[in-house]
Amino acid sequence: MADLWVLAFLVRGVIVSAGDTMTLTECEQRARVMPPEATRAVCINAQQPMCRVYLNDHPLTREHSAWCRQRALRNKGRSNG
């Protein structure tokens, strides 16, 4: 089964989510059409909330985001095969 993600963003230190789950690809696509003031957008894995893909390329989050993307690709491969 593919990982399910929730689109979220930070507003004054509080995480606000979009509410529905989706694939990581869809989450990233939805984030691209968000207004510029929502630059702190992140895709959070619904099954493992500590796995987050940060959508701004900040050096502190780049490695963590890469690990979560790799994990999502591995799980996608398992669900297809």
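Anything mentioned here points back to the structure above.
These remarks concern the structure in this document.

### Let's talk about the sheet that holds strand E3 (residues 41-45)
On the basis of which strands lie adjacent, the open sheet formed by four strands has the order E2-E1-E3-E4 and antiparallel pairing. At either end of the open sheet lies a strand with only one pairing partner, and these are strand E2 (14-22) and strand E4 (52-54). Here the strands of the sheet are splayed against their neighbours by 25 degrees on average, with no regard to which way each runs. Pairing of strand E1 (residues 5-11) with E3, which is carried by five bridges, proceeds in the antiparallel orientation. Pairing of valine 6 across the sheet is with isoleucine 44, part of E3. With respect to the sheet, helix H1 (residues 24-32) is in contact with E1, E2, E3 and E4, its orientation differing from that of E1 by roughly 35 degrees.

What counts, and where the lines are drawn
Residues numbered from 1 in each chain as written. Predicted model: local features only at pLDDT ≥ 70, side-chain atom pairs only at ≥ 80, totals over all residues. Heavy atoms only, no water. Pairing = 2+ DSSP bridges. Helix = DSSP H or I, 4+ residues; strand = E, 2+ residues; numbered from the N terminus. Axes fitted to C-alpha atoms, helices over the stretch in contact; angles between N-to-C directions. Contact = heavy atoms within 4.5 Å.

Purely spatial values, then, with no claim about function.
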